[in-house]
Amino acid sequence: EAGVTQSPTHLIKTRGQQATLRCSPISGHTSVYWYQQALGLGLQFLLWYDEGEERNRGNFPPRFSGRQFPNYSSELNVNALELEDSALYLCASSKTYRVSGANVLTFGAGSRLTVL
Amino acid sequence: GESVGLHLPTLSVQEGDNSIINCAYSNSASDYFIWYKQESGKGPQFIIDIRSNMDKRQGQRVTVLLNKTVKHLSLQIAATQPGDSAVYFCAENVVNTGGFKTIFGAGTRLFVKA
């Protein structure tokens, strides 16, 4: 069974440009999560999509946005890139959200974004 | 703000010794906690989880302890091996009016000396 796949592996952009990152969840998973991991730091929650809708959002500016497609794959868009956006962007998926909160995330290997 | 923190950013242990990684969390209402392991160049991987109605759970060579009174989690790795070298994150699943999210701590890097 294929795991969570992310593309591109590496991406280099300059300030002010836009970046688009893609994620394909594990087959059967309907929830997709995006996290930002700056060098040497923990994972900061960005976005959660479930069944095609944005369900929750972390403390990031509106220039961080995304969407989930009917096949449950997802895209993260970062507009007006700033130097501090340089980070590893991790995508994770899980089965349908459980109200109990007992959701385990399966992560992809990440997309490394460098902003020059 | 919301946070899950760790007492030690790095931990170095001798191969064969036991490792203990500690974590403090701040959301007392959370019901579910998870430990993840992140190896170099990979995304975090699930190790073990525990519900708030338990104080201990054991897996293969790993044990998670939960003390809700002081909001503290720990991960114990028995007979630590070189393959255990990684960054370990504790995480907390928070369910509130804003929805659901998993909050990660800053991580502890475990070095295993041969």
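The structure we're discussing is the one just above.
Worth saying up front: this structure is predicted, and the values here are computed from it rather than measured. (Residues numbered from 1 in each chain as written. Chains lettered and ligands numbered in written order. Predicted model: local features only at pLDDT ≥ 70, side-chain atom pairs only at ≥ 80, totals over all residues. Heavy atoms only, no water.)

Student: Summarise the overall build of chain B; cite the residues concerned and give the values.
Tutor: A count of helices and strands for chain B gives zero helices and eleven strands. What you see in chain B, going N to C, is helices and strands ordered as β-β-β-β-β-β-β-β-β-β-β. In terms of overall size, chain B behaves like a compact globule, its C-alpha atoms giving a radius of gyration of 14 Å where 114 residues would be expected to give roughly 13 Å. Across its three principal directions, the C-alpha atoms of chain B cover 50 × 30 × 20 Å. Burial analysis of chain B (114 residues in total) assigns 46% to the buried set. Contacts in chain B between residues far apart in sequence, at least 24 positions, make up 54% of those at least 6 positions apart. (Helix = DSSP H or I, 4+ residues; strand = E, 2+ residues; numbered from the N terminus. Rg over C-alpha atoms; globule rule 2.2 N^0.38 Å. Buried < 20%, exposed > 50% of the residue type's maximum accessible area, 1.4 Å probe, protein only. Contact = heavy atoms within 4.5 Å.)

Student: Summarise the overall build of chain A; cite the residues concerned and give the values.
Tutor: Scanning chain A for helices and strands turns up zero helices and eleven strands. Taken over the C-alpha atoms alone, chain A extends approximately 40 × 30 × 30 Å along its principal axes. Within chain A, the fraction of its 116 residues that count as buried is 50%. When contacts within chain A are restricted to residue pairs at least 6 apart in sequence, long-range pairs at least 24 apart make up 54% of them.

Student: How would you sum up unusual backbone geometry? Please name residues and give values.
Tutor: Residues and elements named next belong to chain A. Omega for the peptide link from Ser7 to Pro8 comes to -5°, which places this bond in the cis form. Residue placement: Pro8 occurs in the loop between β1 (5-7) and β2 (10-13). At Tyr72, a residue that is not glycine, the phi angle is positive and equals roughly 75°. Along the chain, the position of Tyr72 falls in the loop between β7 (64-68) and β8 (74-78).

Student: Tell me about the sheet that holds strand β3 (residues 19-24) of chain A, residues and numbers included.
Tutor: Residues and elements named next belong to chain A. As summarised here, the arrangement of the four strands in space is β1-β3-β8-β7, forming an open sheet in which the pairing is antiparallel. On the outer flanks of this sheet lie β1 and β7, each paired with one strand and no other. Geometrically, the sheet is characterised by an average inter-axis angle of 15° between neighbouring strands, direction not taken into account. (Pairing = 2+ DSSP bridges. Axes fitted to C-alpha atoms, helices over the stretch in contact; angles between N-to-C directions.)

Student: Let's hear about the interface of chain B and chain A: which residues, and what values?
Tutor: Across the boundary between the two partners, chain B contributes 23 residues, which contact 23 residues of chain A. Summed over both sides, the interface of chain B with chain A buries roughly 1700 Å², with 57% coming from carbon and sulfur. Linking chain B to chain A there are zero salt bridges. Inspection of the region where chain B meets chain A yields five residue pairs in polar contact (both at pLDDT 80 or more). (Buried area = accessible area lost by both parts, 1.4 Å probe. Salt bridge = Lys/Arg side-chain N within 4 Å of Asp/Glu carboxyl O. Polar contact = N/O pair within 3.5 Å; in protein donor to acceptor, adjacent residues only side chain to side chain.)

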